[in-house]
Amino acid sequence: MPLSMHDLSVPVFVRAFHNLSAILDKGVTFAASEGVSADTLTGGRLIGDMGPLTAQIQRASDSAKGCVARLAGITVPSFADTETTFPELQKRINDTIELLQSIAPSQIDGSEDRNIDLKFGERRLTMTGRDYLLGFALPNFFFHVTTAYAILRHKGVPVGKVDFLGLS
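Let us look at the structure shown here. Residue indices follow the written sequence of each chain, beginning from 1 at its first position. Given that this is a predicted model, residues contribute local features only at a pLDDT of at least 70 and side-chain atom pairs are listed and counted only at 80 or more, while totals for whole chains, interfaces and linings are drawn from all residues. Neither water nor hydrogens contribute to the side-chain values; these are computed over all heavy atoms in the structure.

1. Overview of a nonpolar patch on the surface
Thinking step 1. Each patch is built from residues lacking any salt bridge and having more than 30% relative accessible area; the joining distance is 9 Å for like charges and 5 Å for nonpolar side chains (Val, Leu, Ile, Met, Phe, Trp, Tyr). Note on areas: these come from Shrake-Rupley sampling with a 1.4 Å probe, and a residue is covered only by the protein chains present in the view. By convention in these notes, a salt bridge is any Lys or Arg side-chain nitrogen within 4 Å of a carboxyl oxygen on Asp or Glu. A contiguous nonpolar patch, built from V162, L165 and L167 and spanning about 270 Å² of accessible area, is present on the exposed surface.
Thinking step 2. Tracing the chain through its elements places L167 in the segment after α7 (161–165).
Thinking step 3. Residue burial is assigned from relative accessible area. The probe radius is 1.4 Å, only protein chains are included, and a residue is buried under 20% of its type maximum, exposed over 50%, and partly exposed in between. Judged by relative accessible area, which is 59%, L167 ranks as exposed. Strands here mean DSSP runs of E at least two residues long; helices mean DSSP runs of H or I at least four residues long; both are numbered from the N terminus.

2. With respect to the packing of aromatic side chains
Thinking step 1. What counts as a ring pair is set by centres within 6.5 Å for rings of Phe, Tyr and Trp (its six-membered ring), and what kind of pair is set by the plane angle: stacked under 30 degrees, edge-to-face over 60, tilted for all other angles. Applying the stated criterion to the full structure yields 6 aromatic pairs.
Thinking step 2. Ring geometry for Y132 versus F136: centroids 5.9 Å apart, planes at 20°, classification stacked. Of this pair, Y132 and F136 both sit in helix α6 (residues 129–154), 4 residues apart, which is roughly one turn of that helix.
Thinking step 3. The buried category is assigned to Y132, whose relative accessible area is 1%.
Thinking step 4. Ring centres of F141 and F142 lie 5.0 Å apart, and the angle between their planes is 80°; this geometry places the pair in the edge-to-face category.
Thinking step 5. Exposure remark for F142: the relative accessible area of 29% places this residue in the partly exposed category.
Thinking step 6. Among the aromatic side chains, those forming a connected cluster through ring pairs are F13, F17, F141 and F142.
Thinking step 7. Geometrically, a charge over a ring is one whose NZ (Lys) or CZ (Arg) sits within 6 Å of the ring centre while staying within 35 degrees of the ring normal. Directly above the ring of F79 sits K65, whose terminal nitrogen or CZ lies 4.8 Å from the centroid.

3. Focus: the pattern of salt bridges
Thinking step 1. One pass over the full model with this rule turns up 9 salt bridges.
Thinking step 2. K26 is paired through a salt bridge with D163; the nearest N and O atoms lie 2.8 Å apart. Placement of the pair is K26 in helix α1 (residues 10–34) and D163 in helix α7, with a sequence separation of 137 residues.
Thinking step 3. The residue R59 makes a salt bridge to D81 at a minimum N-O spacing of 2.6 Å.

4. Things to note about the pairing of strand β1 (residues 115–120)
Thinking step 1. Should DSSP find at least two bridges between two strands, the strands are taken to pair. When β1 meets strand β2 (residues 123–128), the two strands line up antiparallel, connected through 6 bridges. Bridge pairing links F120 to R123 in β2.
Thinking step 2. Between the end of β1 and the start of β2, which pair antiparallel, lie 2 residues, with G121 showing a positive phi angle near 65°.

Rendered as structure tokens:
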């Protein structure tokens, strides 16, 4: 059986969110054991003009839920970007997973050739569902997941590739 648009999206997002959740747990443990303020980690950035850890989690969530909603042809759900603590970030991840899993495969499958329209201010992009998923949504999602991982790693949290891949 060939891979479906659902197979290429929801399980990929969900697995990465589970891995990211475990990485955040390591951040909490690190902060407690090293006497580091959790705010130092949640507000951490790789460089000044990049969003902090909180924004990276929010953008990963937005990317995943936006992708699945667009492929399903439904309104993109909006979450308030108010998370500042590890528990709030974990809730955002769990809420996103719950939303992703609430969309039936039949809503997404067959969206390969559906036109997906994106707006970025005055700029508009139109692409097929396949091109959107593989060339935009997944790379954008993993950019933010990777950046979140890198922020924690940069701050000293003992995480590595096996944590990112969920093999630990």
